[in-house]
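Listed below, chain by chain, are the residues.
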Amino acid sequence: MQAELQKQKKSAVNIPSEVETETMISLKGVNKWYGDFHVLKDINLTVKKGERIVVCGPSGSGKSTMIRCINRLEEHQEGEIDVNGVTLTNDLKNIEHIRKDVGMVFQHFNLFPHLTVLENCTLAPIWVRRMPRQEAEAIAMQYLERVQIPCQAHKYPGQLSGGQQQRVAIARSLCMNPQVMLFDEPTSALDPEMIKEVLDVMVELAEEGMTMICVTHEMGFARTVANRVIFMDGGQIIEENAPEPFFNDPQSDRTKLFLSQILSH
Amino acid sequence: MIVNPETIPSRPAPASRRGIIGWLRANLFSSPLNSLLSLSGLIFLAWALPPVVQWVFLEANFLGENKDACTSEGACWVFVSARFQQFLYGFYPDTELWRVNLFFFEMAAVLTWVLWDKMPKRLWGGIWFLTGFPLTSFFLLYGGFGLETVETHKWGGLMLTLVLSLVGMVIALPVGILLALGRRSDMPAISSFCTVFIELWRGVPLITILFMASVMLPLFVPGDIELDKLIRAMIGISLFEAALIAEVIRGGLQAMPKGQYEAADAMGLTYWQGMRQIIMPQVLKISIPGIVNTFVQLFKDTSLVLIIGLFDLLAVMQAGIADVNWPNVAIEGFVFTGFVFWLFCFGISRYSQLLERKLDTGHKS
Ligand SMILES: Nc1ncnc2c1ncn2[C@@H]1O[C@H](COP(=O)(O)OP(=O)(O)O)[C@@H](O)[C@H]1O
Ligand SMILES: [Mg+2]
């Protein structure tokens, strides 16, 4: 395990360390309830342009809920969320505007099974960005090449392996030329031998300076790529720190317990 | 330690698993009980088939003018051939039959255009099917533009059955989709309206709806506007079927994984774009068996218009067997109409199976 972490660390020497000062996402005093269940408690988080945040924490701690609030897949009840200078309100135009700029990758890929890989990638550019089909296809092929599956472009998602599907899902998001990418446990549904191929693509994205928020338990990835690691528990942000101090010198007991649990196997 | 570096080459399956013998063994004689059932089936067929063939074909009379032409023991198909015109066209005037034939022809052509995937420009076929085809059919069958008007009470037979079914299907599918989406809407006004509408129409027998359409609807329509009886039946049948289709579609909507909606939303598609591009294509695909089942039901149920005095295929046949000049042809009449209904329904069903196979993208989740 340790050796593998070292290897991943070395392979990614090109990660930009400078982060611009422009704010990309900010959550201020965000609270959310499911019925009477207080699922997000006073979340404050600012993500600068080009920053890469890794979010971890036990299951049910509200990680997915938090990032799903950023593109309004879930509605928050209190507080303010700004994305790229636009404040999230109930206004549909506002929400659609933000969703154009925010790409999301899901645990279970959520590719459209009735469309080919290429059609999956061109759908949103054609319908949301009003791009001509040919241009959209050219761009899609470019991204499919980047995630190394150009020859599967005319297959259906059901004919691909999990790792390939997740890479298509990443390419599909990138085709919209997003300002931010949200990842919700992108490798948790994958067989071990496919995790690396997806992480490699994500590392490459980070090298290009993409703003990213990743919910993941791949600690090797967090160490090499993240500017900051956030630990959530019970709907709260418990600890937030740069990866080195976060892993080597966790402050809170809950963080220590969590880290000891996931690093012990 | 075991090391096995050689790859074992694939061999063909044993002979007992291949060919006709293999098929028989696997399907008909796989176990003692199965063999017993297969044998009894064969014996039953050997016992029942010959008399049927004899009655239908070998000892039947096919052509003639009247009952006297039926001389042998078998079926009197003379009844069908002598009244064929009525079975097809009802009481449509002799001189205008070419118009119905043209309608039949256009229907066959446009359906081939839309349903056969090797035809060019099928989208235009679909648009014609929903716009030009109904309009031209209306003028052809009813009249206008110099064509003599043929009142709808003269329409009948297979032509009426087809008109009612086509109108029913074409209206019920889109209305049903909208009702299903409406029922799942976040807006309480819309969802309660759709729920009430669906439950009201679905909970009443079609016969009742037809009766109400023919007896009660005129009471609500103001003054001197007289709504044609056929139009009333069409409205009743279409809305009844729309309620059934809505529930089939709603079932499909519920079977869709939540992730599909979320992915569509996350990419910035609007509600209608997401429905049109992502959700509906998949929902319609998984709902094909249910939709086809409803359509087949609708096709057969059109014969209920008999009770409000419209003469569809079945009604024309029943009028025929009541004719004193044609005693004892009830069996022939029912077998023939049954066969025609079956032929159409079987066609719909086979086409839907073809469609399901074609739309299968190897996805199971
Ligand atoms: N739609 C929902 N309705 C009610 N409770 C929910 C819903 N979605 C999630 N929850 C609850 O909210 C909590 C946080 O969920 P989630 O954000 O998915 O956690 P995580 O991603 O950290 O595992 C969990 O306890 C979960 O049961
Ligand atoms: Mg989660």
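The rules behind these values
- Residues numbered from 1 in each chain as written.
- Chains lettered and ligands numbered in written order.
- Predicted model: local features only at pLDDT ≥ 70, side-chain atom pairs only at ≥ 80, totals over all residues.
- Heavy atoms only, no water.
- UniProt positions renumbered as here; feature names shortened; annotations may be inferred.
- Helix = DSSP H or I, 4+ residues; strand = E, 2+ residues; numbered from the N terminus.
- Rg over C-alpha atoms; globule rule 2.2 N^0.38 Å.
- Contact = heavy atoms within 4.5 Å.
- Disulfide = S-S within 2.5 Å.
- Buried < 20%, exposed > 50% of the residue type's maximum accessible area, 1.4 Å probe, protein only.
- Buried area = accessible area lost by both parts, 1.4 Å probe.
- Salt bridge = Lys/Arg side-chain N within 4 Å of Asp/Glu carboxyl O.
- Polar contact = N/O pair within 3.5 Å; in protein donor to acceptor, adjacent residues only side chain to side chain.
- Expected span 1.5 Å × (residues − 1).
- Arc of directions from axis to C-beta.
- 1 Å grid on protein atoms, 1.4 Å probe; cavity = no way out; pocket = protein on both sides within 12 Å on 5 of 7 lines; lining within 4 Å.
- Points joined across faces, edges and corners; volume = space filled by probe spheres on them.
- Axes fitted to C-alpha atoms, helices over the stretch in contact; angles between N-to-C directions.
- Parallel < 35°, antiparallel > 145°, perpendicular 65-115°, else oblique.
- Left-handed = near helix turned anticlockwise from the far one by under 90°.
- Nonpolar A, V, L, I, M, F, W, Y, C, P; charged D, E, K, R; others polar.
- Near = heavy atom within 4 Å.
- Areas by Shrake-Rupley, 256 points an atom, 1.4 Å probe, with all protein chains shown as cover.
- Pairing = 2+ DSSP bridges.

- Looking up chain B in an unreviewed UniProt entry gives the name Amino acid ABC transporter permease, with the organism given as Parendozoicomonas callyspongiae.
- Annotation of chain B in UniProt includes, under Sequence similarities (unreviewed entry), the sentence "Belongs to the binding-protein-dependent transport system permease family. HisMQ subfamily."

1. Side note on the overall build of chain A
Logical step 1: When helices and strands are tallied, chain A shows ten helices and ten strands.
Logical step 2: At 18 Å, chain A has a C-alpha radius of gyration in line with the 18 Å of a compact globule built from 265 residues.
Logical step 3: Taking the principal axes of its C-alpha atoms as reference, chain A extends roughly 55 × 50 × 35 Å.
Logical step 4: Residue pairs at least 24 apart in sequence account for 67% of intrachain contacts in chain A once pairs closer than 6 positions are excluded.

2. As for the state of the cysteines
Logical step 1: According to the stated counting rule, one finds one disulfide over all chains in the structure shown.
Logical step 2: Shown here is the disulfide that connects B:Cys70 with B:Cys76, its sulfur atoms set 1.8 Å apart. Here B:Cys70 and B:Cys76 share a disulfide; its torsion about the S-S bond, 65 degrees, makes the bridge right-handed. For the pair shown, B:Cys70 and B:Cys76 are each scored as buried.
Logical step 3: With no disulfide of its own, A:Cys56 lies 12 Å from the sulfur of A:Cys214, the closest cysteine sulfur.

3. What about the interface of chain A and chain B?
Logical step 1: Tallying the contact residues gives 23 residues for chain A and 20 residues for chain B.
Logical step 2: For the pairing of chain A and chain B, the buried interface totals around 1,900 Å² over both sides, and the portion due to carbon and sulfur atoms is 63%.
Logical step 3: Summed over the three residues of chain A that lose the most area to chain B, namely A:Phe112, A:Pro113 and A:His114, the buried surface amounts to 28% of that side.
Logical step 4: Summed over the shared surface of chain A and chain B, the number is one salt bridge.
Logical step 5: Of the charged contacts in the structure, one is a salt bridge between A:Arg68 and B:Glu262, with a shortest N-O distance of 2.7 Å.
Logical step 6: The interface formed by chain A and chain B holds six residue pairs in polar contact (both at pLDDT 80 or more) in total.
Logical step 7: Looking at the side of chain A that touches chain B, the elements with two or more residues in it are α3 (92–101), β6 (102–105) and α4 (117–127) of chain A.
Logical step 8: The element best represented in the side of chain A that touches chain B is α4(A), accounting for four residues.

4. Here's the deal with helix α5 (residues 133–146) of chain A
Residue and element names in this part refer to chain A.
Logical step 1: Under the 1.5 Å per step criterion, the end-to-end length of α5 is 20 Å for 14 residues, consistent within 8% with the ideal 20 Å.
Logical step 2: Within the span of α5, buried status applies to Ala136, Ala140, Tyr143 and Leu144. End-on view of α5: buried residues confined to an arc of 100 degrees, all on one side of the axis. Exposed and facing more than 90 degrees away from the buried side of α5 are Gln134 and Gln142.
Logical step 3: Those residues of α5 that are buried lie in contact with α4 and α6 (162–174).
Logical step 4: A positive phi of about 65 degrees marks Gln148, the residue just after α5.

5. Observations regarding empty space enclosed by the protein
Any empty space left between the atoms is revealed when a probe the size of a water molecule rolls over them.
Logical step 1: This structure, assessed with the given rule, holds one cavity of 30 Å³ or more.
Logical step 2: Considered as a void within the structure, the largest cavity measures approximately 100 Å³ in volume.
Logical step 3: Lining the largest cavity we find A:Arg99, A:Lys100, A:Val102, A:Gly103, A:Met104, A:Phe106, A:Arg172, A:Ser173, A:Met176, B:Ala263, B:Ala266 and B:Met267.
Logical step 4: Elements with a minimum of two residues in the lining of the largest cavity: α3, β6 and α6 of chain A together with α13 (258–266) of chain B.

6. Overview of the packing of helix α5 (residues 97–115) of chain B against helix α6 (residues 122–130) of chain B
All names here are of chain B.
Logical step 1: It is the contact of α5 with α6, at a shortest axis distance of 8 Å, that shows an interaxial angle of 140 degrees. Classified by the interaxial angle, the pair formed by α5 and α6 is oblique. Two packed elements cross with a definite hand, and for α5 against α6 that hand is left-handed. Across from Glu106, Val110, Leu111, Trp113, Val114 and Leu115 in α5, the residues of α6 making contact are Arg122, Trp124, Gly125, Gly126, Trp128 and Phe129.
Logical step 2: Each residue belonging to the contact of α5 with α6 can be placed in one class, and the counts come to eight nonpolar, two polar and two charged.

7. Comments concerning the site of ligand 1
Residues and elements named next belong to chain A.
Logical step 1: Looking at ligand 1, the residues that line it are Tyr34, Phe37, Val39, Pro58, Ser59, Gly60, Ser61, Gly62, Lys63, Ser64 and Thr65.
Logical step 2: Within the backbone of Gly62, one N or O atom sits 3.1 Å away from an oxygen atom of ligand 1.
Logical step 3: Separating an oxygen atom of ligand 1 from a side-chain N or O atom of Ser64 is a distance of 2.5 Å.
Logical step 4: Considered on its own, ligand 1 offers 560 Å² of accessible surface; in the complex 60% of this is hidden by protein.
Logical step 5: With three residues, the top contributor of residues to the shell around ligand 1 is helix α2 (residues 63–70).

8. Here's the deal with the sheet that holds strand β1 (residues 23–34) of chain A
Residue and element names in this part refer to chain A.
Logical step 1: Read from one edge of the open sheet, four strands run β2-β1-β4-β5, paired in antiparallel fashion. Lying at the two open borders of the sheet, with one neighbouring strand each, are β2 (37–48) and β5 (86–87).
Logical step 2: One ladder, built from eight bridges, connects β1 with β2; its direction is antiparallel. Its bridge partner being in β2, Ile25 is matched across the sheet by Val47.

9. Here's the deal with the side chain of B:Thr337
Residues and elements named next belong to chain B.
Logical step 1: Inspection of the secondary structure assignment puts Thr337 in helix α16 (residues 330–359).
Logical step 2: A residue is classified by how much of its surface remains accessible, and Thr337, at 1% relative accessible area, is buried.
Logical step 3: Engagement of the side chain of Thr337 in a polar contact is seen with the backbone oxygen of Phe334, the distance being 3.3 Å.
Logical step 4: Every residue in contact with Thr337, bar those within four places of it in the chain, is listed here: Leu313, Leu314 and Met317.

10. Some remarks on the side chain of B:Glu96
Residues and elements named next belong to chain B.
Logical step 1: As for its position among the elements, Glu96 is in the loop between α4 (84–89) and α5.
Logical step 2: On the accessibility criterion, Glu96 (10% relative accessible area) is buried.
Logical step 3: Here Thr95 takes part through its side chain, which lies 3.5 Å from a polar atom of the side chain of Glu96.

11. Digging into the pattern of salt bridges
Residues and elements named next belong to chain B.
Logical step 1: What the rule picks out here adds up to 21 salt bridges over all chains.
Logical step 2: The partner of Glu247 in a salt bridge is Arg250, with the nearest N and O atoms 2.9 Å apart. In this pair, Glu247 and Arg250 both sit in helix α12 (residues 229–255), three residues apart, roughly one turn of the helix.
Logical step 3: Sharing partners across several salt bridges, the network here consists of Arg183, Glu199, Arg202, Glu247 and Arg250.

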